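Results of the structural survey
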Amino acid sequence: GWPRSGGIRGGVAMDLFGDLRRMNKRQLYYQVLNFAMIVSSALMIWKGLIVVTGSESPIVVVLSGSMEPAFHRGDLLFLTNFHDDPIRAGEIVVFKVEGRDIPIVHRVIKVHEKGNGNIKFLTKGDNNEVDDRGLYKEGQNWLEKKDVVGRARGFLPYVGMVTIIMNDYPKFKYALLAVMGAYVLLKRES
Amino acid sequence: LRKNVEDFTGPRERSDLGFVTFDITADILNGKKCIFDWNVKQLFLYLSAEYSTKNNALNQVVLWDKIMLRGDNPRLSLKDMKSKYFFFDDGNGLKGNRNITLTLSWNVVPNAGILPLVTGSGHVSVPFPDTYETTKSY
């Protein structure tokens, strides 16, 4: 056990500094390794998902209202991108326009596939009046397989709101990371 | 599930443009049980035309769609509907094409969970005439 000062301590900050000073180097290294292990495990799970689903981004957050009332801003989508899965009308695909980073979630409304497997398709948001040609690159009229990040297979409402808040309010993101870091570094398994 | 259609083709720029009018009668049920159970938020219904041409082995074009929310009447009885979207072919494959298949399908959107795509059991084959219409108004 650790030597403790008796009586009621005042304030969490005093506790934290007290704990830090009392930890010897070994305990600190142990906590850092613990933290690193948690981060590595999370990364491994994410990479594993990428492999299993075939998609570079197996979980995406809906950013706009163009697919309402089915999906709203902040909903979470689970994607797969199997090479042998053909692209068919009616499917919900997540794609990126060449040169832009933002993934767009819309529905396939036209498909033209050649005998050799070459596919070109057109998309449109359920809540939009017109198709997505205005969103594509200058002069581009169709999307191809290479533009697809994945097909939406499942969804959870609201859960993705956290990432949108962290994006819009970076201070919130740093505060959250600081609290998480402090908790993991300082919690003791006794 | 029944559909009846009338059709014409007209040239626009260099691609065939098809005009289709249709009736849809459908009961969105899952056997005896209504498909709108506790976890179904809405259905996204769409009528798609599937056909092959010289240019492309497979073509699919969505002609019409509708969102049906939980609580809406699950019986559809639409008559004389015009297609919501332009039925452009990628090329001139509609003229004389005898085998265009129209199918009604729907995407089930749950409150949370898997997003299945279901194809209705009825489908209708539509032939396009061999000549272009130049004077029909749509």
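Note that the coordinates shown come from a computational prediction; the quantities given were computed from them, not determined experimentally.

**Quick look at the overall build of chain B**
Along chain B, the regular secondary structure elements total zero helices and 11 strands. Listing every helix and strand of chain B by position from the N terminus yields β-β-β-β-β-β-β-β-β-β-β. Per-residue burial for chain B yields a buried fraction of 49% across its 138 residues. Expressed as a percentage of contacts within chain B between residues at least 6 apart in sequence, the contacts between residues at least 24 apart total 65%. Counting only carbon and sulfur atoms, one obtains 49% of the accessible surface of chain B, whose full area is about 7,200 Å².

**Overview of a nonpolar patch on the surface**
All names here are of chain A. Taken together, Met-161, Val-162, Ile-165, Tyr-169, Phe-172, Tyr-174, Leu-176, Leu-177 and Met-180 make up a surface patch of nonpolar side chains, about 880 Å² in accessible area. In terms of residues, the nonpolar patch owes the most to one element, helix H4 (residues 170–186), which gives five residues. Looking at the secondary structure, you find Met-180 in helix H4. By relative accessible area, which is 47% here, Met-180 ends up partly exposed.

**Observations regarding the domain arrangement of chain A**
All names here are of chain A. Looking at the assigned domains, one finds that chain A contains domain 1 (20–53), domain 2 (59–157) and domain 3 (160–189). The C-alpha centroid of domain 2 is placed 35 Å from the C-alpha centroid of domain 1. Contact between domain 1 and domain 2 buries roughly 300 Å² in total, counting both sides, with carbon and sulfur atoms accounting for 60%. There are zero salt bridges connecting domain 1 and domain 2.

**Observations concerning the interface of chain B and chain A**
With 29 residues of chain B at the contact, the number on the chain A side is 29 residues. Interface of chain B and chain A: buried area, both sides summed, is about 2,200 Å²; carbon and sulfur atoms make up 55% of it. Per-residue buried area on chain B facing chain A is highest for B:Leu58, B:Gln60 and B:Leu115; these three make up 26% of the total on that side. Taken together, the links from chain B to chain A amount to zero salt bridges. For the interface between chain B and chain A, the tally reads 15 residue pairs in polar contact (both at pLDDT 80 or more). Residue assignment for the side of chain B that touches chain A shows that the elements contributing at least two residues are strand E5 (40–51), strand E6 (58–69), strand E9 (100–110) and strand E10 (113–114) of chain B. Among the elements that make up the side of chain B that touches chain A, the one with the highest residue count is E6(B) (seven residues). Of the residues belonging to the side of chain B that touches chain A, the class tally is 18 nonpolar, eight polar and three charged. Here strand E7 (residues 148–156) of chain A runs beside E10(B); their pairing, made up of two bridges, is antiparallel. Residue pairing for E10(B): A:Gly154 is matched across the bridge by B:Ile114.

**With respect to the packing of aromatic side chains**
A full pass over the atoms with the stated rule returns three aromatic pairs over all chains. Aromatic pair B:Phe44 and B:Tyr46: ring centres 6.3 Å apart, planes at 40 degrees, arrangement tilted. A residue is classified by how much of its surface remains accessible, and B:Tyr46, at 2% relative accessible area, is buried. Directly above the aromatic system of B:Phe44 lies the positively charged group of A:Arg107, at a separation of 3.7 Å from the ring centroid.

**A closer look at the pattern of salt bridges**
All names here are of chain A. Overall, the coordinates contain nine salt bridges over all chains when judged by the stated rule. Here Lys-96 and Glu-56 are joined by a salt bridge, their closest N and O atoms 3.1 Å apart. Taken as a pair, Lys-96 in strand E3 (residues 92–96) and Glu-56 in the loop between helix H2 (25–53) and strand E1 (59–61) lie far apart in primary sequence, 40 residues in all. Here Asp-168 and Arg-73 are joined by a salt bridge, their closest N and O atoms 3.4 Å apart. One end of the pair, Asp-168, is in helix H3 (residues 161–168); the other, Arg-73, is in the loop between E1 and strand E2 (76–80), with 95 residues separating them in the sequence. We classify Arg-73 as partly exposed; its relative accessible area is 41%. In this structure, a network of salt bridges that share partners links the residues Glu-98, Lys-137, Lys-146 and Asp-147.

**Here we look at the nonpolar core**
Among the nonpolar cores identified, the biggest contains 27 residues, and B:Ile24, B:Trp64, B:Leu76, B:Phe87 and B:Ile100 are the most heavily contacted of them. Going through the elements one at a time, strand E2 (15–27), E5, E6, strand E7 (75–82), E9 and strand E11 (117–126) of chain B are the ones with two or more residues in this core. Sorting elements by how many residues they give to this core places E5(B) first, with six residues. Once residues lying within four places of it in the same chain are set aside, the contact partners of B:Trp64 are B:Phe22, B:Ile24, B:Leu45, B:Tyr46, B:Leu47, B:Leu76, B:Leu78, B:Met81, B:Lys84, B:Tyr85 and B:Leu104. In terms of nonpolar packing, the next biggest core, distinct from the first, is built from 20 residues, A:Val97, A:Val108, A:Phe121 and B:Tyr85 among them.

**Comments concerning the UniProt feature "domain: Peptidase S24/S26A/S26B/S26C" (unreviewed entry) in chain A**
Mapped onto this structure's residue numbering, the UniProt feature "domain: Peptidase S24/S26A/S26B/S26C" (unreviewed entry) falls at residues 50–135 of chain A. Helix makes up 5% of residues 50–135 of chain A and strand 35%, and the two end C-alpha atoms of the span are 27 Å apart.

About the thresholds
In this convention, every chain numbers its residues from 1, walking through the sequence in written order. Starting at A for chains and at 1 for ligands, labels are handed out in the order in which the entities are written. In view of the model being predicted, local features appear only for residues whose pLDDT reaches at least 70, and side-chain atom pairs are presented and counted only at 80 or more, with totals across whole chains, interfaces and linings using the full set of residues. Hydrogens and water molecules were not included; the side-chain quantities draw on all heavy atoms of the structure. Helix and strand assignments follow DSSP, with helices taken as H or I runs no shorter than four residues and strands as E runs no shorter than two, numbered in order from the N terminus. Throughout this description, buried means an accessible area under 20% of the type-specific maximum (1.4 Å probe, protein chains only), exposed means over 50%, and partly exposed covers the range between. Contacts: residue pairs with any heavy atoms within 4.5 Å of one another. Residue-level accessible areas treat just the shown protein chains as cover; the underlying method is Shrake-Rupley with a 1.4 Å probe. Residues enter a patch when their relative accessible area is above 30% and they make no salt bridge; the linking distance is 9 Å between like charges and 5 Å between nonpolar side chains (Val, Leu, Ile, Met, Phe, Trp, Tyr). Salt bridges are identified by distance alone: a Lys or Arg side-chain nitrogen within 4 Å of an Asp or Glu carboxyl oxygen. The start and end points of each domain follow an automatic or database-based domain assignment. By definition, the buried area sums, over both parts, the 1.4 Å-probe accessible area that each loses when the two are put together. In protein, a polar contact means a hydrogen-donor-capable atom and an acceptor-capable atom, both N or O and within 3.5 Å, with residues adjacent in sequence counting only if both atoms are side-chain atoms; elsewhere, any N or O pair within 3.5 Å suffices. The residue classification treats Ala, Val, Leu, Ile, Met, Phe, Trp, Tyr, Cys and Pro as nonpolar and Asp, Glu, Lys and Arg as charged. All others, Gly included, are polar. By the convention used here, strands pair only if DSSP detects at least 2 bridges between them. The pairing test for Phe, Tyr and Trp rings, Trp by its six-membered ring, is centres within 6.5 Å, and the orientation test on the planes gives stacked under 30 degrees, edge-to-face over 60, and tilted for anything in between. The criterion for a charge sitting over a ring is simple: Lys NZ or Arg CZ within 6 Å of the ring centre, and within 35 degrees of the ring normal. Residues belong to one nonpolar core when they are buried, are Ala, Val, Leu, Ile, Met, Phe, Trp, Tyr or Cys, and are joined through side-chain atoms within 4.5 Å. UniProt positions are given in the numbering used here, feature names are shortened, and annotations may be inferred rather than shown by experiment.

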